[in-house]
Amino acid sequence: MTLDYLLQGFGIAFQFTNLFACFAGVLIGTLIGVLPGIGPAAAIAMLLPITFKISPVASIIMLAGIYYGAMYGGSTTSILVNIPGEAASVVTCLDGYRMAVQGGRVLP
């Protein structure tokens, strides 16, 4: 019984429209997350109207993609520019920027 629900969930998740919604959400979320000071919650709040015209399942999948893309984009700015994009990537500024400057080598 539980395996049937799991297979049904994977069947829905791997439909082309849902995969495209996830890809679009991650791409847009990463572009928004790279901007310093805009975290995942703000990215979802700004991009919520995009999801009004598509199906509810694709909307939830796209919002999850926006969230994870914005988290990834925030770490990109903290590593490359040493400016935390959000509160979760403050610690990444400490070691990530130094590693990027040194070419990936960790200083003792």
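Here, the structure is the one placed above.
Notes on the structure follow. (Residues numbered from 1 in each chain as written. Predicted model: local features only at pLDDT ≥ 70, side-chain atom pairs only at ≥ 80, totals over all residues. Heavy atoms only, no water.)

Following the sequence through the fold, Ser 89 ends up in the loop between helix H4 (56–80) and helix H5 (90–101). In contact with Ser 89, not counting residues within four places along its chain, are Gly 74, Ser 75, Ser 78 and Pro 84. (Helix = DSSP H or I, 4+ residues; strand = E, 2+ residues; numbered from the N terminus. Contact = heavy atoms within 4.5 Å.)

Between the first and last C-alpha of helix H2 (residues 16–33) there are 25 Å, a value that for 18 residues agrees with the 26 Å anticipated at 1.5 Å per step. Turning to H2, its buried residues are Asn 18, Ala 21, Ala 24, Gly 25, Gly 29, Thr 30, Ile 32 and Gly 33. Residues of H2 that are buried sit in contact with helix H1 (2–13), helix H3 (40–47) and H4. (Expected span 1.5 Å × (residues − 1). Buried < 20%, exposed > 50% of the residue type's maximum accessible area, 1.4 Å probe, protein only.)

An ideal rise of 1.5 Å per residue puts 36 Å on 25 residues; H4 measures up with 36 Å between its terminal C-alpha atoms. For H4, the elements touching its buried residues are H2, H3 and H5. With its phi angle positive at about 65°, Asn 82 sits one or two positions after the end of H4.

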